[in-house]
Amino acid sequence: MSVNVNQFSLNDGTTLPAVGLGTVHIKGAKGVTSVLSAIQNGYRLIDTSTNYNNEGMVGEAVRRSNVPREELIISSKLPGAAHDYDKAILMIQESLYRIGIDYFDKYLIHWPLPKQGKYVEAWQALVDAQKFGLIKTIGVSNFLEEHLTAIIEETGVTPATNQIERHPYFNNKALVKVNDQKSILTEAWSPFGREINKVLTDPVIKKIADHYGKSPAQIILRWNYENNVLSVAKSASTTNQQMNLDLFDFELTAEDRQLLDQLDKGEEGRLQGQHPNEYEEFD
Ligand SMILES: NC(=O)c1ccc[n+]([C@@H]2O[C@H](COP(=O)([O-])OP(=O)(O)OC[C@H]3O[C@@H](n4cnc5c(N)ncnc54)[C@H](OP(=O)(O)O)[C@@H]3O)[C@@H](O)[C@H]2O)c1
């Protein structure tokens, strides 16, 4: 199915669709069916990670889909245990073998892990992996301003994207602004706040959704789009997958965007334990 999905331009000249498919918990044979259905429903950007233990499933869906490889954007992430330069290069190569592709369209450092203090070295590995032809677009995830400044100053290379937590209860506005100022595209992870925050049943969002004849999920994704933020939305359901791409036939008023901005709860709204200076994940 061909669907019109608006695109964002990156600082390295490539383009990405405004919505990508998140794949946390999508695994195995059922996972292949879900990702295939997403590709058939028009998704082109697939977001995975070594940590999700599903890179093999993504590769299987890519092979079974009838969409040419060059039209798909496969994005994965470097785990914390591989921040040493040599380990990072090996990890990227191993991930490519697991998926069964010979280059990543996009690849990110998953978390900065500042207590470990090796993210600059990891970034240098991504910069070089791009030169070796292993990755087309390089970016980071969960990087705060100080982490972005350090990697840019040390290597002279600005990431193309920074994938960060963002949903109406934690809109991360200051960090989105930092990304914008550095010409880095913000990608929003957990745009629906996973299931924990119950963002999708918020009465303010529901009222706005009813006004436009859309669902709360569509209102959130449109709010991201109008703020120049790419959404990485996970859905294993065909109906929800289709709904999450159907965003480009309406526009929120400035007033409604403001109402959505006002739902922010600051640090209280952040998913538990996910502060980038504290969160540690090595696998
Ligand atoms: N970089 C990072 O550190 C990081 C961290 C967390 C997540 N991520 C990425 O971001 C992706 C998204 O985050 P997430 O998986 O935590 O959560 P999410 O996308 O915020 O929410 C997923 C939940 O929303 C439901 N949903 C999706 N579309 C819906 C719709 N239209 N109406 C109603 N419910 C809907 C899904 O159910 P169904 O499946 O039944 O549709 C699922 O239960 C991840 O999969 C991953 O790729 C990255």
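Residue indices follow the written sequence of each chain, beginning from 1 at its first position. Given that the model is predicted, a residue must reach a pLDDT of at least 70 before its local features are reported, and side-chain atom pairs must reach 80 or more before they are shown or counted; all residues, however, enter totals for whole chains, interfaces and linings. Working from all heavy atoms in the structure, the side-chain values ignore hydrogens and water.

Caption draft 1: Expanded view of the site of the ligand. What surrounds the ligand is a group of 29 residues, the closest being D47, S190, S235, A236 and N240. One nitrogen or oxygen atom from the main chain of V24 is found 3.0 Å from an oxygen atom belonging to the ligand. Accessible surface is estimated by sampling points in the Shrake-Rupley manner with a 1.4 Å probe; for residues, cover comes only from the protein chains shown. Alone, the ligand offers 900 Å² of accessible surface; in the complex the protein occludes 87% of this. Points on a 1 Å grid, built from protein atoms alone, make a cavity when a 1.4 Å probe fits but cannot get out and make a pocket when they are open with protein on both sides within 12 Å along at least 5 of 7 lines; residues with an atom within 4 Å of a point are the lining residues. The way we define it, a molecule is inside a pocket or cavity when more than half of its atoms are within 2 Å of that pocket's grid points. One can see that the ligand is located within the largest pocket. Among the secondary structure elements, those contributing two or more residues to the shell around the ligand are β10 (229–234) and α9 (238–243). When residues in the shell around the ligand are grouped by element, the largest group, three residues, is from β10. Throughout this document, a residue counts as near a molecule or strand when at least one of its heavy atoms sits within 4 Å of that molecule or strand. Each polar contact in these results corresponds to two N or O atoms within 3.5 Å; when the atoms are within protein, one needs to be able to donate a hydrogen and the other to accept it, and residues that are neighboring in sequence are counted only if both atoms are side-chain atoms. Elements are defined by DSSP. Helices are runs of H or I of four residues or more, strands are runs of E of two residues or more, and each kind is numbered from the N terminus.

Caption draft 2: Highlighting the packing of helix α3 (residues 85–99) against helix α4 (residues 119–131). Axes here refer to lines fitted to C-alpha atoms; in helices the fit is confined to the stretch in contact. Angles between the N-to-C directions go from 0 to 180 degrees. At a closest axis distance of 8 Å, the pairing of α3 and α4 adopts a crossing angle of 45°. By the criterion of interaxial angle, the relationship of α3 to α4 is oblique. For the pair α3 and α4, the sense of crossing is right-handed. Residue-level contacts link Y85, A88, I89 and I92 of α3 to E121, Q124, A125, L126, D128 and A129 of α4. Small angles under 35 degrees read as roughly parallel and large ones over 145 as roughly antiparallel, with 65 to 115 read as roughly perpendicular and the rest as oblique. Helix crossings are classified by the rotation of the near helix relative to the far one: an anticlockwise turn of less than a right angle makes the crossing left-handed, while a clockwise turn makes it right-handed. Contact definition: two residues touch when any of their heavy atoms are within 4.5 Å.

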